[in-house]
Amino acid sequence: MSKTIASTYASSGVSIEAGENLVSLLKKDNPHIGGFAGLYPYGPDRYLVACTDGVGTKLELSIAAGRFEALGQDLVAMSVNDLIVCGARPLFFLDYYACGKLDVEVAHRVVRGIQDACRRSGCLLLGGETAEMPGFYDEKKFDLAGFAVGEVEKTKLVDGKSLCEGDVILGLPSSGFHANGFSLVRKILRDRNESLQSAFEGSTLGDLLTEPTRLYVNEILALQTRVRVKAMSHITGGGLTNLSRVLPEGLTYDVPFANIPTPSVMKAFQTWGGIPDEEAYTVWNMGMGYAVMVAPHDVAAAREALPDAFVAGTLRKV
């Protein structure tokens, strides 16, 4: 596996810049757009919080590997991990399953994975929609979307407004690629003629690439009872740039790449694709799936509550 192939996210067909430009345009019409989740005032003392997400082209690999329950967890995690960024706790979840021809067994396994991930996140799967669309989707393909709703008391809202220079960014390890950057992963696989059955460090690429997205809900909700969390970020598409989404004007982040414990399979794909660090840490999470920002004096207590957390970096003035 020595052949190196130059590859970028854009060359795989995905433009992060185009997505950012769309959000910028939408913000002109609705300034509330752009956060990890939306807030709806619900009574005098709380917000309802809602968000939506999908699994992206990880679907192709997971379908090929037959890891359907894992896809269910991916779907839930991508939404509830967004939901908790503002301090909310998940209440319920809805799913959308679209296919060319309904395979009842496959759909049941996916929904079973959704139900289990909801249970582990403390929320209910209330229902969803199953749509058969022959001629639009291939008979062996399906698509997924998920919708999570939660709540947070106004006094407990985590909004980043109290952040200041010197605050510490704690990272939580990812379980791998999670569900972002798979158009580039798939391109590298094709260019190298690798398969999901290819061996990699005692496992297979298929098992490692389809490892489900880690659920952070319970540990983050528990953390908030022990320390003052100033801001949080779910590290998804856009990699480390997700940190900027919660920072007030005038602050930026310093996160040395070496501080992040990157799984060897992610390092391998970076090498195989000939991807420079600046792009790899913008396309993939590179081992940090979630970030928590606290004052320096709260770091010890936060790390006690989050045993696998690591110091990723700090905040500084622009």
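Residues numbered from 1 in each chain as written. Predicted model: local features only at pLDDT ≥ 70, side-chain atom pairs only at ≥ 80, totals over all residues. Heavy atoms only, no water.

Student: Could you clarify how one ought to interpret the environment of Met266 in this entry?
Tutor: Considering the arrangement of structural elements, one finds Met266 in helix H8 (residues 264-273). Among the residues examined, Met266 registers a relative accessible area of 0% and is labelled buried. Considered as a pair, Met266 and Trp284 are 18 residues apart in the sequence and their alpha carbons are 8.4 Å apart. (Helix = DSSP H or I, 4+ residues; strand = E, 2+ residues; numbered from the N terminus. Buried < 20%, exposed > 50% of the residue type's maximum accessible area, 1.4 Å probe, protein only.)

Student: Can you help me understand the sheet that holds strand E10 (residues 251-254) in this one?
Tutor: Consider a sheet: its strands pair through backbone hydrogen bonds, and that pairing is either parallel or antiparallel. Read from one edge of the open sheet, five strands run E9-E11-E6-E12-E10, paired in antiparallel fashion. Lying at the two open borders of the sheet, with one neighbouring strand each, are strand E9 (231-234) and E10. Taking each pair of neighbouring strands and ignoring which way they run, the sheet shows an average axis angle of 25°. Across four bridges, the pairing between E10 and strand E12 (residues 310-317) is antiparallel. Bridge assignment links Asp254 to a residue of E12, and that residue is Thr314. (Pairing = 2+ DSSP bridges. Axes fitted to C-alpha atoms, helices over the stretch in contact; angles between N-to-C directions.)

Student: When you look at the pairing of strand E5 (residues 142-153) in this model, what are you seeing that I'm missing?
Tutor: It is a general feature of regular strands that their side chains alternate between the two faces of the sheet. Burial runs high along E5: nine of the 12 residues are buried. The pairing of strand E3 (residues 89-99) with E5 spans 10 bridges and is classified as antiparallel. If you follow Leu94 over to E5, its bridge partner there is Phe147.

Student: What exactly am I supposed to notice about the packing of aromatic side chains here?
Tutor: Aromatic rings in a pair are described by how distant their centres are and how their planes are angled relative to each other. Scanning all chains against the criterion turns up 10 aromatic pairs. Consider the rings of Phe177 and Trp284, whose centres lie 5.2 Å apart with planes at 80°: the pair is edge-to-face. Taken together, the residues Phe177 in the loop between strand E6 (168-173) and helix H5 (182-192) and Trp284 in the loop between helix H9 (277-283) and strand E11 (288-294) connect sequence positions 107 residues apart. Across the pair, exposure class does not vary: Phe177 and Trp284 are buried alike. (Phe/Tyr/Trp six-rings, centres within 6.5 Å; stacked < 30°, edge-to-face > 60°.)

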